[in-house]
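Understanding the architecture of this molecule
Below, each chain spelled out in residue letters.
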Amino acid sequence: INVRAETSDNLSIESARLYSAIVSPDSEVEIESVVRSTGAAADNIVRLTVDGEARGEKPVRVPAGQAVSVKFPLSGLAEGFHQGEVRLATSDAMPADDVRYFAIDVRSPPRVLIVTDDASESLYFRKALEPARSLAQGESPIVEISSADWMRTDVSSFGVIAMLNVAQLAPPGWSKLADFVSQGGGVFIALGARCLADSYNTAPAQETMPVKIDIVHDRPPTRLAVGDKPHPLVARFNAWGQSDLADGAVLRYWRVSPTKVATLTIMNYA
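Since the model is a prediction, treat every value here as computed from it, not as a measurement.

**Quick look at empty space enclosed by the protein**
In this structure the tally under the stated criterion is one cavity of 30 Å³ or more. Space inside the largest cavity adds up to approximately 40 Å³. What lines the largest cavity is simply Val-23, Ser-24, Pro-25, Ser-27, Val-29, Leu-74, Ser-75, Gly-76, Leu-77 and Val-106. Classifying every residue of the lining of the largest cavity by side-chain character gives six nonpolar, four polar and no charged.

**Regarding helix α3 (residues 171-182)**
Helix length check: α3, at 12 residues, gives a terminal C-alpha distance of 16 Å against a target of 16 Å (1.5 Å per residue), a fit within 8%. Among all positions in α3, only Gly-173, Trp-174, Lys-176, Leu-177, Ala-178 and Phe-180 are buried. If you follow the buried residues of α3, they end up packed against β11 (160-164), β12 (186-190), α4 (197-200) and α5 (203-206). Two residues or fewer past α3, Gly-184 is found with a positive phi of approximately 105°.

**So, the pattern of salt bridges**
Scanning the entire structure with this criterion turns up 11 salt bridges. Between Arg-36 and Glu-14 there is a salt bridge, and its shortest N-O distance comes to 2.4 Å. Here the residue Arg-36 occupies a position in strand β3 (residues 29-38), and Glu-14 occupies one in strand β1 (residues 10-18), the gap between them amounting to 22 residues. By relative accessible area, which is 30% here, Arg-36 ends up partly exposed. For Glu-14, a relative accessible area of 37% puts it in the partly exposed group.

**Digging into the sheet that holds strand β10 (residues 142-146)**
Note on sheets: strands pair through backbone hydrogen bonds, and any given pair is parallel or antiparallel. With respect to topology, four strands assemble into an open sheet ordered β10-β9-β11-β12, the strand pairing being parallel. Edge positions in the sheet fall to β10 and β12, since each of these pairs with one other strand and no more. Across the sheet, the mean angle separating the axes of adjacent strands is 15° when strand polarity is ignored. Where β11 meets β12, five bridges bridge the pair, whose relative direction is parallel. Counterpart to Leu-164 in the pairing with β12 is Ala-190. Strands in contact with α3 are β11 and β12; relative to β12, the strand with the most contacts, it is inclined by about 135°.

**Considering the pairing of strand β9 (residues 112-116)**
Extensive coverage of β9 is indicated by the burial of five of its five residues. Alternating residues of β9 divide into Val-112, Ile-114 and Thr-116 and Leu-113 and Val-115, and every residue in both groups is buried.

**Details of the nonpolar core**
Generally speaking, nonpolar side chains in soluble globular proteins are found buried as a group. Counting residues in hydrophobic clusters, the biggest one holds 22 residues, and the most contacted among them are Val-35, Val-46, Leu-74, Val-86, Phe-102 and Ile-104. Among the secondary structure elements, those contributing two or more residues to this core are β1, β3, β4 (42-50), β5 (53-62), β6 (67-74), β7 (80-88) and β8 (99-106). With four residues, the top contributor of residues to this core is β4. For Val-86, the residues in contact, after removing those within four places along its chain, are Ile-13, Ala-16, Ile-31, Ser-33, Val-46, Arg-47, Leu-48, Asp-98, Val-99, Arg-100 and Phe-102. Core analysis: the next-biggest nonpolar cluster, separate from the first, contains 21 residues, Ile-145, Leu-169, Val-211 and Trp-254 among them.

**Side note on a nonpolar patch on the surface**
Together, Leu-233, Leu-264 and Ile-266 make up an exposed nonpolar region whose accessible area comes to about 290 Å². In this fold, Leu-233 is placed in helix α6 (residues 232-239).

**Quick look at the packing of aromatic side chains**
Counted under the stated rule, the structure contains three aromatic pairs. Centroid distance Phe-125 to Phe-188: 5.5 Å. Interplanar angle 25°. Geometry classified as stacked. Of this pair, Phe-125 sits in helix α1 (residues 123-129) while Phe-188 is found in strand β12, placing the two residues 63 residues apart along the sequence. The partly exposed category is assigned to Phe-125, whose relative accessible area is 22%. The residue whose ring lies beneath Arg-111 is Phe-158, and the NZ or CZ to ring-centre distance is 4.4 Å. The ring of Trp-150 has Lys-176 lying over it, and the distance from NZ or CZ to the ring centre is 4.7 Å.

**A short note on the pairing of β7**
One ladder, built from five bridges, connects β4 with β7; its direction is antiparallel. Opposite Val-50, over in β7, you have Gly-84 as the bridge partner. Of the strand pairs in this sheet, β7 and β8 are connected by eight bridges, and their pairing is antiparallel. Each bridged residue has a counterpart across the sheet, and for Gln-83 the counterpart in β8 is Ala-103.

Rules of the game
Residues numbered from 1 in each chain as written. Predicted model: local features only at pLDDT ≥ 70, side-chain atom pairs only at ≥ 80, totals over all residues. Heavy atoms only, no water. 1 Å grid on protein atoms, 1.4 Å probe; cavity = no way out; pocket = protein on both sides within 12 Å on 5 of 7 lines; lining within 4 Å. Points joined across faces, edges and corners; volume = space filled by probe spheres on them. Nonpolar A, V, L, I, M, F, W, Y, C, P; charged D, E, K, R; others polar. Helix = DSSP H or I, 4+ residues; strand = E, 2+ residues; numbered from the N terminus. Expected span 1.5 Å × (residues − 1). Buried < 20%, exposed > 50% of the residue type's maximum accessible area, 1.4 Å probe, protein only. Contact = heavy atoms within 4.5 Å. Salt bridge = Lys/Arg side-chain N within 4 Å of Asp/Glu carboxyl O. Pairing = 2+ DSSP bridges. Axes fitted to C-alpha atoms, helices over the stretch in contact; angles between N-to-C directions. Core = buried A, V, L, I, M, F, W, Y, C linked by side-chain atoms within 4.5 Å. Patch = residues over 30% accessible without salt bridge, like charges linked within 9 Å, V, L, I, M, F, W, Y side chains within 5 Å. Areas by Shrake-Rupley, 256 points an atom, 1.4 Å probe, with all protein chains shown as cover. Phe/Tyr/Trp six-rings, centres within 6.5 Å; stacked < 30°, edge-to-face > 60°. Lys NZ or Arg CZ within 6 Å of the ring centre and 35° of its normal.

All we've got here are geometric facts, nothing functional implied.
Following this line, the structure appears as structure tokens:
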């Protein structure tokens, strides 16, 4: 005996997605929900709640058998962990899929230490990272030093160290960087024309480096291959409508060989 409803009309919230679950206190995050109708067209109201507080609602009309996207901007969250939900105002015969939950971790940006041989090379890198709020208040989470000062700099208060085109480090310098990583710090290493392969391929350097570097390759010119399913880090550029990553000609680049099993290649050269 087949016992069922004569119609299978149902309105559901399929998802409550955030671009990033970790945001800074002064930033705005967007929650996107997909509302789907199974069966007939339906009208309803989608409500956003965070920590039990109503933060917005939007009417929605979903055509029969289709889905629509509903987006909510969210800002002004205090530092800490927050829980929220996106819910249909009017429930139906299947209430289990009328709500979706999400969580947001609001935290201040980590302090970043930039290490360079030439301070002029870090200008655009620093501008890209420095929050406008920090500049307006005269406080910046970013500190810059010369590579000559690396060994006498206390790095305990920093969350990330960025090595930008540093020619070389002595073994104690690489060991200091490895200790920083082992204690939970993040490292960004940009290989430039000044870098010396012999320094980056030493045993102390390879404790941190995910690759060994070979030579600078300068012919023929190539391009970056973004791929059909780019890494989320690269996909952001596609979402912004900027295709410079794939369009720009690369005239010179370091040839490298991954050395660690956990190494993840985000992009290749075409």
